[in-house]
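# What the coordinates show
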Amino acid sequence: MIWNEACECMSRQDMEDLQSERLRKLVAYSYDNVTYYRKKMDEAGVKPEDIKSISDLSRLPFTVKDDLRDNYPYDAFAVPMRDIVRIHASSGTTGKPTVVGYTKADLETWAEVMARTFSAAGVREDSIVQVAYGYGLFTGGLGAHYGAEKLGASVIPISGGNTQKQIMLLQDFGSDAIACTPSYALYLAEVLGEMGIDPRKDLKLKYGIFGAEPWSHEMRAQIEEKLGIRATDIYGLSEIIGPGVATECELQDGLHIMEDHFLPEIINPETGEVLKEGQKGELVFTTLTKEGIPLIRYRTRDVTSLRYDKCGCGRTLVRMEKVMGRSDDMLIIRGVNVFPTQVESVLANMAEIEPHYLLVVDRKNNMDTLEIWVEMSEELFSDEVKKIEEVRQKIKDNIQSLLGLTADIKLVEPKTIERSMGKAKRVEDKRKL
Ligand code: DLL
């Protein structure tokens, strides 16, 4: 079901007019209220009145994560603290977190885009939604919470982890939807299997609302098969609003961007040049309606492409391809570029192994090395050494032929790779230690 037809099914012309009008206001608002925007725009020699429509967007300078760090904690806010009603933060890998503040209107927008998201995933007023994203500074839990409530579903705010309790509630409370990371959904499926619970027979679960980390189409197929559900990919980042930036519809053919609020562009990350429809590059967003912390041309580091053709679901919102990873997560191994999700899609097609893996990257004698740790299935683990060696060689060959990458494959015992309660850790890069 389409939650907000007026916004999600607008004609391209109406959408562009709306975006242009909002962009004009946003630029003037940011220039007037955020010191670093005024500085950046003055330096770039562009004034708010130069921006007349979205075709002028590329005249504006980019914003990057460091701009937010430099203005830690509150200097990027455009309103006084009395108008901020919520603060979230994303934990950076190094140093201080990135802080984001929401006004009352921002929280309304967030609930609206998340209600659209849940609706696109199949959730209805009579659904029972188990929110197993973490609550707290992370935006997953509370973002999902208010969206599902706005839609009118019954929300179970269990937060992340606590797997035995998750399963008890799935059984006793009859949740038909679960919102969590895809890696946690796989872990849940594993524990359900160990407990002899058949999701199709013993649970009412029908919908999964999964995001916050990259996951391959193959991993989706596995989750859908193991849990007997429809798994929807949802995308977002704290700086832009949290979850609710983009979602798949029932056709699972790209993620519709809530472009009446978040204006996307794809750029060449090296040159900053704006790329055309269909070309892969770095995703950039301008928040058209945000009050607390407006962002102009914010570089996400996520790699994808855009397409404007009409979707069979009726939505006209532009679609982005499934995000394979952040440019920071792309490994360059002896000159070959690879995202962990590409390795995942090779592994997920093999029955002899479990869908849990870790890429260990190192540098020995000035050469990059890649070791892929893969878990054996119970059957393979108890099989002959010869068979195990055959599987190891098969994985090595598949990785070589599909990704052009030579890797050492380390087959490890079942259940030895750490399971994640939130975002999975797929890479250990010892070169950075
Ligand atoms: O992960 C917000 C979120 C919560 C999205 C729950 C979806 C569901 P951050 O912690 O700021 O916010 O991390 C944002 O996570 O730039 C992407 O690299 C990655 N990411 C988020 N969703 C997806 C997805 C939340 N569906 C960063 N596919 C983003 C791939 C994703 N990567």
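Above this text you will find the structure in question.
Parameters and conventions
- Residues numbered from 1 in each chain as written.
- Predicted model: local features only at pLDDT ≥ 70, side-chain atom pairs only at ≥ 80, totals over all residues.
- Heavy atoms only, no water.
- Core = buried A, V, L, I, M, F, W, Y, C linked by side-chain atoms within 4.5 Å.
- Buried < 20%, exposed > 50% of the residue type's maximum accessible area, 1.4 Å probe, protein only.
- Contact = heavy atoms within 4.5 Å.
- Salt bridge = Lys/Arg side-chain N within 4 Å of Asp/Glu carboxyl O.
- Helix = DSSP H or I, 4+ residues; strand = E, 2+ residues; numbered from the N terminus.
- Axes fitted to C-alpha atoms, helices over the stretch in contact; angles between N-to-C directions.
- Left-handed = near helix turned anticlockwise from the far one by under 90°.
- Nonpolar A, V, L, I, M, F, W, Y, C, P; charged D, E, K, R; others polar.
- Patch = residues over 30% accessible without salt bridge, like charges linked within 9 Å, V, L, I, M, F, W, Y side chains within 5 Å.
- Areas by Shrake-Rupley, 256 points an atom, 1.4 Å probe, with all protein chains shown as cover.

## Regarding the nonpolar core
Core analysis: the largest hydrophobic core is formed by 69 residues, its most contacted members being Phe118, Ile209, Tyr235 and Met320. With residues up to four places along the chain from it excluded, the contact list for Tyr235 reads Pro243, Gly244, Val245, Ala246, Leu255, Leu283, Phe285, Thr300, Asp302, Met320 and Val323. Ranked by size, the runner-up nonpolar core spans 25 residues in total, among them Ile333, Ile388, Ile395 and Leu405.

## What to know about the pattern of salt bridges
Under the counting rule described, the total for this entry stands at 35 salt bridges. Its salt-bridge partner being Lys394, residue Glu352 comes within 3.1 Å of it at the nearest N-O pair. Of this pair, Glu352 sits in the loop between α11 (340-347) and β17 (353-364) while Lys394 sits in helix α13 (residues 385-403), placing them 42 residues apart in sequence. Among the residues examined, Glu352 registers a relative accessible area of 17% and is labelled buried. Relative accessible area serves as the criterion here: at 39%, Lys394 is assigned to the partly exposed category.

## Section: the packing of helix α8 (residues 182-194) against helix α10 (residues 217-227)
Two numbers describe how α8 lies on α10: the axes approach to 10 Å, and their chain directions differ by 35°. The handedness of the crossing between α8 and α10 is left-handed. Residues Pro182, Ser183, Ala185, Leu186, Ala189 and Leu192 of α8 form the contact with α10, whose participating residues are Met219, Gln222, Ile223, Lys226 and Leu227. Grouping the constituent residues of the contact of α8 with α10 by class yields 8 nonpolar, 2 polar and 1 charged.

## What to know about a nonpolar patch on the surface
A cluster of nonpolar residues, Tyr74, Met81 and Ile87, forms a patch on the protein surface that exposes about 250 Å² of accessible area. Among the structural elements, Ile87 can be located in strand β1 (residues 86-90). Owing to a relative accessible area of 33%, Ile87 belongs among the partly exposed residues under this scheme.

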